[in-house]
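One letter stands for each residue in the lines below.
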Amino acid sequence: YAFLDPVPDETPHYYEKIAYPMDLRTVAARLDFPGQRDGKQDPRLVRRDLFRNPAEFRDAISQIWKNCRAFNEMKSKVRKLGDQMAALWSSLWRNSEFFPDWGTASGDLRFQEAFREGQLGYEEKMHIAKRVMALDEDSAGG
């Protein structure tokens, strides 16, 4: 499914054009740091990669759609799907309990220093992650 896993390393020019790659599985891993992906240690995931506040979570999800717009041509299927997902994400975020305190998505991963640590509990993190993952599966027909 598009957006679920990192873009393959062999995708021509992707990592030259995209400075901050992001995908939904990485976001989910950062919500509940298992230190592993698919049962194997993932060296890309380290303790500092945990989200410190809702703004970092918001920006990571938004980065996925920003990368999609930057890399894919306007008429491509992936770009159209990314634009749909971005609209759904924006609606979910605006209607979340976090929007009043954390505002709109900045759309990149140059995170601000956290000033409200520990806003999300484990159950809240997992609820949001499941909703976002379901959006990707629904729009991909899975």
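Residue indices begin from 1 for each chain and proceed along its sequence in written order. With the structure being a predicted model, the display of local features is reserved for residues of pLDDT at least 70 and the display and counting of side-chain atom pairs for 80 or more, all residues being used for whole-chain, interface and lining totals. The basis for the side-chain values is all heavy atoms of the structure; hydrogens and waters are excluded.

How should the overall build of the protein chain be read in this particular structure?
Strands here mean DSSP runs of E at least two residues long; helices mean DSSP runs of H or I at least four residues long; both are numbered from the N terminus. Helix and strand content of the protein chain: six helices and two strands. Across the protein chain, helices and strands are ordered from the amino to the carboxyl terminus as α-α-β-β-α-α-α-α. Summary of the burial criterion: residues with accessible area below 20% of their type's maximum are buried, those above 50% are exposed, and those between are partly exposed, where the area comes from a 1.4 Å probe applied to protein chains only. Across the 142 residues of the protein chain, 39% fall into the buried class. Taking contacts inside the protein chain between residues at least 6 apart in sequence as the whole, the part at least 24 apart equals 65%. Accessible areas in this description were obtained via Shrake-Rupley with a 1.4 Å probe; residue shielding takes into account the shown protein chains only. Surface summary for the protein chain: the accessible area is close to 8,600 Å², and the carbon and sulfur share equals 50%. Residue contacts follow a heavy-atom distance rule, with two residues in contact if any of their heavy atoms lie within 4.5 Å.

What am I meant to see in unusual backbone geometry here?
Where the residue is not glycine, phi is negative for most of them; where a peptide bond is considered, it is trans in most cases. Phi angles above zero are rare outside glycine, and Phe3 is one such case at about 80°. Relative to the elements of secondary structure, Phe3 occurs in the segment before helix 1 (14-17). Owing to a relative accessible area of 11%, Phe3 belongs among the buried residues under this scheme. We note that His13 has phi near 70°; this positive angle belongs to a residue other than glycine.

What am I meant to see in the packing of helix 2 (residues 24-31) against helix 3 (residues 54-71) here?
Between two packed helices, what matters for the description is the angle formed by their axes and the separation of those axes. Packing of helix 2 against helix 3 leaves a shortest axis separation of 10 Å and a crossing angle of 170°. The pairing of helix 2 with helix 3 is recorded here as roughly antiparallel in orientation. Between helix 2 and helix 3, the contacting residues are Leu24, Val27, Arg30 and Leu31 on the first element and Glu56, Phe57, Ala60, Ile61 and Ile64 on the second. Just so you know the grouping, Ala, Val, Leu, Ile, Met, Phe, Trp, Tyr, Cys and Pro go in nonpolar, Asp, Glu, Lys and Arg go in charged, and all remaining residues, Gly too, go in polar. Class assignment for the residues of the contact of helix 2 with helix 3 results in seven nonpolar, no polar and two charged. Axis definition: a line fitted to C-alpha atoms, limited for helices to the stretch in contact. Angles are taken between N-to-C directions and run from 0 to 180 degrees. To sort the angles, those under 35 degrees are grouped as roughly parallel, those over 145 as roughly antiparallel, those from 65 to 115 as roughly perpendicular, and the leftovers as oblique.

Even after reading the chapter, I still don't get the packing of helix 3 against helix 4 (residues 77-94), so can you show me in this structure?
Orientation of helix 3 relative to helix 4, taken along the N-to-C sense of each, is 160°, at an axis distance of 8 Å. Overall, the two elements helix 3 and helix 4 adopt an arrangement that is roughly antiparallel. Between helix 3 and helix 4 lies a crossing whose hand is left-handed. On the side of helix 3, the interface is formed by Pro54, Phe57, Arg58, Ile61, Ser62, Trp65, Cys68 and Arg69, while helix 4 contributes Val78, Arg79, Gly82, Asp83, Met85, Ala86, Trp89 and Trp93. For any helix crossing, the convention is left-handed if the near helix is rotated counterclockwise from the far helix by under a right angle, and right-handed if that rotation is clockwise.

These values are about where atoms sit, not about what they do.
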